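Below are the chains, spelled out letter by letter.
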Amino acid sequence: VCVQEEEQAVPNCGRATGSNVPSAEGNAKPLPGYAGEFHRITALVDDGRRPQWHGGSMKGPLSGVRVLDVSRILSGPFCTMLLADLGADVIKVERPGQGDAARHLGPRVGDDSAYFISVNRGKKSITLNLFSEEGQRGFRAMLPSFDVLVENFVPGTMARIGLDYGSIKELNPRLVYVSISGFGQTGPYAQRPALDIVVQAMGGLMSVTGEPGGEPV
């Protein structure tokens with residue numbers, strides 16, 4: 001079951017919808033514990049960089065590995081894109097009504113975000129509200145059928161909603177649980193978000209961009 005923030009059921013909530021969502025093709029067998037549909041995220045242009053096994057009969061080295069991707073923006077999606085390139089079956093979980101925030105970033109090709117597609121090729125997408133009790137129940141029901149989970153929330157977020165490794169490990173003891181963060185899971189900066197612009201500023205890269213005497217670019 002997939003629900004919006006106000007916890008109202010959404011018909012066909014597994015379908016990616018809206019002007020900022022890439023085209024989807026075909027239906028797939030519903031996931032265990034999930035009543036909706038999920039659809040493949042398709043790249044607009046085949047740039048030739050996808051490994052040969054995606055278009056041929058040879059299977060990738062990660063064929064048969066199932067990945068549950070609850071990450072957003074760049075670091076997590078780039079990680080799971082590489083897994084998909086190697087043949088893994090990646091299911092991306094997005095927020096109902098909004099999707100990954102990267103869907104709203106430019107540049108755009110038609111109604112689609114080229115930024116979003118560049119790090120989400122080869123995946124399938126569903127919407128699920130992880131911040132509602134019903135969404136959390138549906139998420140837990142899905143976990144036994146996956147091998148890997150990847151998340152990049154600010155550390156502590158998954159624990160607050162009861163979906164951290166300690167809370168779900170008994171549901172799937174073989175699950176590889178990957179947590180990505182900008183400053184580690186512990187320490188004085190652990191609770192800080194780390195978008196690209198933050199890393200640029202802290203790393204000093206901004207000091208060499210822009211016009212002389214002007215603002216960083």
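Parameters at a glance
- Residues numbered from 1 in each chain as written.
- Predicted model: local features only at pLDDT ≥ 70, side-chain atom pairs only at ≥ 80, totals over all residues.
- Heavy atoms only, no water.
- Salt bridge = Lys/Arg side-chain N within 4 Å of Asp/Glu carboxyl O.
- Buried < 20%, exposed > 50% of the residue type's maximum accessible area, 1.4 Å probe, protein only.
- pLDDT = per-residue confidence, 0-100.
- Contact = heavy atoms within 4.5 Å.
- 1 Å grid on protein atoms, 1.4 Å probe; cavity = no way out; pocket = protein on both sides within 12 Å on 5 of 7 lines; lining within 4 Å.
- Points joined across faces, edges and corners; volume = space filled by probe spheres on them.
- Helix = DSSP H or I, 4+ residues; strand = E, 2+ residues; numbered from the N terminus.
- Patch = residues over 30% accessible without salt bridge, like charges linked within 9 Å, V, L, I, M, F, W, Y side chains within 5 Å.
- Areas by Shrake-Rupley, 256 points an atom, 1.4 Å probe, with all protein chains shown as cover.

Overview of the pattern of salt bridges
It is possible for side chains bearing opposite charge to pair when their charged atoms get close.
Working step 1: Taken as a whole, this structure holds 7 salt bridges when the rule is applied.
Working step 2: The salt bridge involving Asp100 is made with Lys92; its shortest N-O contact spans 2.9 Å.
Working step 3: With relative accessibility at 0%, the residue Lys92 sits in the buried group.
Working step 4: Arg103 serves as the salt-bridge partner of Glu94, at 2.6 Å between the closest nitrogen and oxygen.

Some remarks on the confidence of the model for the chain
Working step 1: Looking at the chain as a whole, its pLDDT mean stands at 80, while 74% of the residues score no less than 70.
Working step 2: Contacts of residues 1-37 to residues separated by more than four positions or lying in other chains number 86 contacts, the stretch itself having pLDDT below 50.
Working step 3: In this model residues 42-48 is a low-confidence stretch, pLDDT under 50, and it forms 9 contacts with partners more than four residues away in sequence or in other chains.

Brief notes about the layout of surface pockets
Using a probe with the size of a water molecule, rolled over the atoms, empty space left in the structure can be pinpointed.
Working step 1: Counted as a void, the largest pocket has a volume near 820 Å³.
Working step 2: Arg72, Ile73, Asn152, Phe153 and Leu195 are the residues nearest the centre of the largest pocket, which is lined by 35 residues in total.
Working step 3: Listed by contribution, the elements that provide at least two residues to the lining of the largest pocket are β4 (89-94) and α6 (196-203).
Working step 4: Among the elements that take part in the lining of the largest pocket, β4 stands out by supplying 3 residues, more than any other.

Some details on a nonpolar patch on the surface
Working step 1: On the surface, Leu74, Phe78 and Leu82 cluster together into a nonpolar patch covering about 250 Å² of accessible area.
Working step 2: Assignment of secondary structure puts Leu74 in the loop between β3 (66-69) and α1 (75-85).
Working step 3: For Leu74, a relative accessible area of 38% translates into the label partly exposed.

A few points about the environment of Gly87
Working step 1: Mapped onto the secondary structure, Gly87 falls in the loop between α1 and β4.
Working step 2: Assessed through its relative accessible area of 23%, Gly87 is described here as partly exposed.
Working step 3: When the C-alpha positions of Gly87 and Met58 are compared, they lie 9.9 Å apart, and in sequence the two are 29 residues distant.

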